[in-house]
Amino acid sequence: MQFGNRMRQGSRVCAVVAAGLSASAASAAGLTTLATFDNTNGANPEAGLILLGGTLYGTTYYGGPNNDGTVFSVPVTGGEPATLASFNYANGAYPSGLILSGNTLYGTTQQGGANTIGTVFSVPIIGGTLTTLTPLIYNNGVNPYAGLIFSGSTLYGTAGGGGDSYYGTVFSVPITGGMPTTLTSFNVANGSSPFAGLILSGSTLYGTTRDGGACDDGIVFSLPVAGGSPTTLATFNGTNGANPYAELVLSGSTLYGTTELGGAYDSGIVYSVPITGGAPTTLATFNGTNGAYPQAVLTLSGSTLYGTTSYGGPNNDGTIFSLPITGGAPTTLASFDGTNGGNPSSGLILSGSTLYGTTAGGGANNYGTVFSVVLPEPGSLMLLCLPALLLRRAR
């Protein structure tokens, strides 16, 4: 079965085998499967979760009555996922991550809608009828792979294609719906294929593009919230990382992120870059044994970063890791083995001493899972970022 548009489409010959995938990784945290999908109630959750009270909310990329994806909820203690809304291509297909404002969930679909190239939608948090806020058009962008952010009464997002040069856009749309506004178009030189969501600090948006830039390995960019020409803050060249899929995390004057490929083993890295721009600093390198191909946003708590890798670990089904914000060797907190989930492509949320996330595959029916991981040392930790995310391509 082919699940998930986020499954790696690497064009490189990767060194995972050489890194020794058979080595055992530490699994110091307890991993619990909270829910499994069976296609009827959704399939292949690729995006992260939202936590409100005692309920987790998310999307599945496939599954549901039309196999075009669902919006679901599940108790934080686990149980059967409840389908809040289903997609039918006319109202969108293949949703990305969610955001919450008031009692309404907002998100994007990669395909479907009036122009078949994706939508921005809303749905009540209690479930019900999906509202299409805008069907995208080619000039505004094609195929939004990532979720949205909002500020005031405006939603902001990225589209992986379309725009003036057909290499993707950053767009905005009123939270009440209407015609999207193209804030910038990418042209390869200034980036290409923005598959990740955005973050906002002050009046500036920050993001990544998977491709483009001087080496065609992707960039980190900034953009005025009012739109204009993007500024390239950092360029990837393979050695210092390649092909960032995930949105960024900001702490102080430093941006943190992951690249899916690149680094010493071409299996991805964790990096930092000054918010004013400069050369990326490699904080950690993945080698297969400690994980491979991170596609998801990081979660920052105190001086520790938490994240997932889509592959690698003892079973090559992915890992959950932690890393000091100053860098070093990643610590494997838990590993996936197919039975307890596999191939996580979304970020984590942190509540208390528990991390929550999704896997795109694995579980009892091989349609993915919702899971929790209790950290080895429980404490009062603050949730500093929510995954947006992510998305991915249908080329």
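So, how was this worked out
- Residues numbered from 1 in each chain as written.
- Predicted model: local features only at pLDDT ≥ 70, side-chain atom pairs only at ≥ 80, totals over all residues.
- Heavy atoms only, no water.
- Helix = DSSP H or I, 4+ residues; strand = E, 2+ residues; numbered from the N terminus.
- Buried < 20%, exposed > 50% of the residue type's maximum accessible area, 1.4 Å probe, protein only.
- Contact = heavy atoms within 4.5 Å.
- Areas by Shrake-Rupley, 256 points an atom, 1.4 Å probe, with all protein chains shown as cover.
- Pairing = 2+ DSSP bridges.
- Axes fitted to C-alpha atoms, helices over the stretch in contact; angles between N-to-C directions.
- Salt bridge = Lys/Arg side-chain N within 4 Å of Asp/Glu carboxyl O.

Caption draft 1: Examining the overall build of the protein chain more closely. Helices and strands together make up the secondary structure of the protein chain, namely one helix and 28 strands. A buried classification covers 63% of the 395 residues belonging to the protein chain. In the protein chain, 51% of the contacts between residues at least 6 apart in sequence involve partners at least 24 apart. Total accessible area on the protein chain is roughly 13000 Å²; 49% of this is exposed by carbon and sulfur atoms.

Caption draft 2: Region of interest: the pairing of strand S5 (residues 82–86). Note that strand S4 (residues 70–75) and S5 share four bridges and pair antiparallel. For Phe 72, the partnering residue across the bridge sits in S5 and is Thr 83. Linking S4 back to S5 in an antiparallel pair, the connection comprises six residues, with Gly 78 at a positive phi of about 100°.

Caption draft 3: Up close: unusual backbone geometry. The phi angle at Asn 67 is positive, at roughly 60°, despite the residue not being glycine. Mapping Asn 67 onto the fold places it in the loop between strand S3 (55–60) and S4. Here Asn 143, not a glycine, exhibits a phi torsion of approximately 60°, which is positive. Assignment of secondary structure puts Asn 143 in the loop between strand S9 (131–135) and strand S10 (149–151). Exposure remark for Asn 143: the relative accessible area of 14% places this residue in the buried category.

Caption draft 4: Representation of the sheet that holds strand S11 (residues 154–159) in the model. The four strands lie next to each other as S10-S11-S12-S13, forming an open sheet whose pairing is antiparallel. Two strands in the sheet have a free side with no partner beyond their single neighbour: S10 and strand S13 (181–185). Neighbour-to-neighbour, the strand axes of this sheet turn through a mean angle of 25°, independent of strand direction. Summarising the sheet, S10 and S11 pair through three bridges and their orientation is antiparallel. Residue pairing across strands places Phe 150 opposite Leu 155, the latter belonging to S11.

Caption draft 5: Region of interest: the pattern of salt bridges. Taken as a whole and judged by the stated rule, the model has one salt bridge. Arg 210 is paired through a salt bridge with Asp 211; the nearest N and O atoms lie 2.6 Å apart. What makes Arg 210 buried here is its relative accessible area of 10%. A relative accessible area of 11% places Asp 211 in the buried class.

Caption draft 6: Examining the sheet that holds strand S19 (residues 254–259) more closely. Across the sheet, which stays open at both edges, the four strands sit in the order S18-S19-S20-S21 with antiparallel pairing between neighbours. Unpaired on one side and paired on the other, strand S18 (249–251) and strand S21 (281–285) mark the two borders of the sheet. Each strand of the sheet is rotated relative to its neighbour by a mean of 25°, with strand direction disregarded. Here S18 pairs with S19 via three bridges, running antiparallel. For Ser 251, the partnering residue across the bridge sits in S19 and is Thr 254.

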